[in-house]
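Report on the structure
For reference, the chains in residue letters:
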Amino acid sequence: MDDSTLLFSASYDNSLAVINASSGEQLCKLKSPADINCLDATSSLLAFGGDDCMVHVVRQEDLLVHGNKAPRATDNSHNGFVRGMRFSPDERLLVTGTNDNNARLFAVNEEVDGVSIECIRTFQGHRSNALAAAFSGDGTGVITGSLDSTVRLWDTETGTETRFFNGVEGSNGVRAVTWSADCNLIAYGTDGSHAIVLDVRVADSPVVLNRRSNRATGCTCVQFTPDGLGLGAAFKSQGGSVMDLRLGGVGDATPQLPLAYRWLSFTADGSHVAVCGRNMVCVYEVEGDVAANAAYHKVRTYSNHAATVVQTTLQPAMALPPK
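Predicted model only: the values in this text are computed from it and were never measured.

1. Concerning the packing of aromatic side chains
This model, assessed by the stated rule, comprises one aromatic pair. Geometrically, the ring pair formed by Phe123 and Trp154 is tilted, given 5.4 Å between the ring centres and 50° between the ring planes. Of this pair, Phe123 sits in strand β11 (residues 114-123) while Trp154 sits in strand β14 (residues 150-155), and the two are 31 residues apart along the sequence. Judged on exposure class, the residue Phe123 and its partner Trp154 are both buried.

Written as structure tokens, this is what we have:
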């Protein structure tokens, strides 16, 4: 990691930390009146949401200069806790999931003096909390997962539901979703401790790539590796695994990332992965094939929070503030 890589982490201690990933220096910490449940970042923007039922978007440049006083765009369209969010590949849209059973689409406009957001679409259809949302690799589709144990695909432009998948038996809800960069595969994680991959070009029948033991308490994150050959998954009680999609079968891999109880996030080039759980974040250097038989070497541990860290991400920054 070079000195311009930023680490973002959100915690149940009602704070969000921004850290220079290389040096470990905390550059600023945002305080919130409620738990922060989710975040996402681009090279210039940061979005987060939580139990205040609001969506917040701030320019990183403003955040690093002004900290908590940085101007931010907010929206209170949700009628429940904000549980998941993702920027679109072109960084112009933001999709969110919430406890009011809906997902929402926001237009994001970066301006000279700040940023603005506008809710332009609502995706309605889930019968319980919409806990996760993400975009397809080309931005034309949205995927959502819900406590109603379904995964739904939507047309970004029209808001129309295009596909519907029932979770596996005993899944007890879907907590994590992702869509591959080539738009061919989707993956979701369930409360029943499954990480499941579907080829949306072929069939509706799920291929279970990893079925954890009954000791696990849910799959909270799924992320495709940047090379598209692997799937990273985080499990609350057992840490994280990176599975080789080329094997295509059922596996129960030993966790290579034992601290990934909540979330994991790869850098764009696949050279590093950040994981979180409990009250810390760890960054590992990836040696070898990300999807198969890679070695993970811990680079640094960040202890910037007093409670469980629920999400984290690594992003290159446009520019760090001068010393």
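2. As for the sheet that holds strand β26 (residues 295-302)
The antiparallel open sheet is built from four strands, whose spatial order is β23-β24-β25-β26. Among the strands making up the open sheet, the edge pair consists of β23 (263-266) and β26. Across the sheet, the mean angle separating the axes of adjacent strands is 25° when strand polarity is ignored.

3. Concerning the pairing of strand β2 (residues 15-20)
The element β2 is largely enclosed, with a buried count of six among its six residues. A two-sided burial pattern is seen for β2, the buried positions comprising Ser15, Ala17 and Ile19 on one face and Leu16, Val18 and Asn20 on the other. The pairing of strand β1 (residues 5-11) with β2 spans six bridges and is antiparallel. Bridge pairing links Ala10 to Leu16 in β2. The turn joining β1 and β2, which pair antiparallel and follow one another in sequence, is formed by three residues; a positive phi near 70° is taken by Asn14. By the bridge criterion, five bridges tie β2 to strand β3 (residues 26-31) in an arrangement that is antiparallel. Bridge pairing in β3 places Ser15 opposite Lys31. In this structure, the hairpin formed by β2 and β3 is closed by a connection of five residues, where Gly24 is found at a positive phi of approximately 85°.

4. Remarks on the sheet that holds strand β13 (residues 141-146)
The antiparallel open sheet is built from four strands, whose spatial order is β12-β13-β14-β15. A single partner strand is all that each edge strand has here, and the edge strands are β12 (130-135) and β15 (161-166). Strand-to-strand twist across the sheet, computed as the mean angle between neighbouring axes with direction ignored, equals 15°. Both β13 and β14 contribute to a ladder of five bridges, which runs antiparallel. In the strand pairing of β14, Val142 is matched with Trp154.

5. Details of the nonpolar core
Core analysis: the biggest nonpolar cluster contains 29 residues, and Leu7, Leu257, Val273, Val275, Tyr284 and Tyr296 have the highest contact counts within it. Only β2, β23, β24 (272-277), β25 (280-287), β26 and β27 (309-316) provide two or more residues apiece to this core. If one sorts the elements of this core by residue count, β25 sits on top with five residues. With sequence-adjacent residues up to four places away left out, Leu7 is seen in contact with Ala17, Val18, Ile19, Ala21, Ala274, Val281, Tyr302, Thr312, Thr313 and Leu314.

Conventions used here
Residues numbered from 1 in each chain as written. Predicted model: local features only at pLDDT ≥ 70, side-chain atom pairs only at ≥ 80, totals over all residues. Heavy atoms only, no water. Phe/Tyr/Trp six-rings, centres within 6.5 Å; stacked < 30°, edge-to-face > 60°. Helix = DSSP H or I, 4+ residues; strand = E, 2+ residues; numbered from the N terminus. Buried < 20%, exposed > 50% of the residue type's maximum accessible area, 1.4 Å probe, protein only. Pairing = 2+ DSSP bridges. Axes fitted to C-alpha atoms, helices over the stretch in contact; angles between N-to-C directions. Core = buried A, V, L, I, M, F, W, Y, C linked by side-chain atoms within 4.5 Å. Contact = heavy atoms within 4.5 Å.

Taken by themselves, the reported measurements are silent on function.
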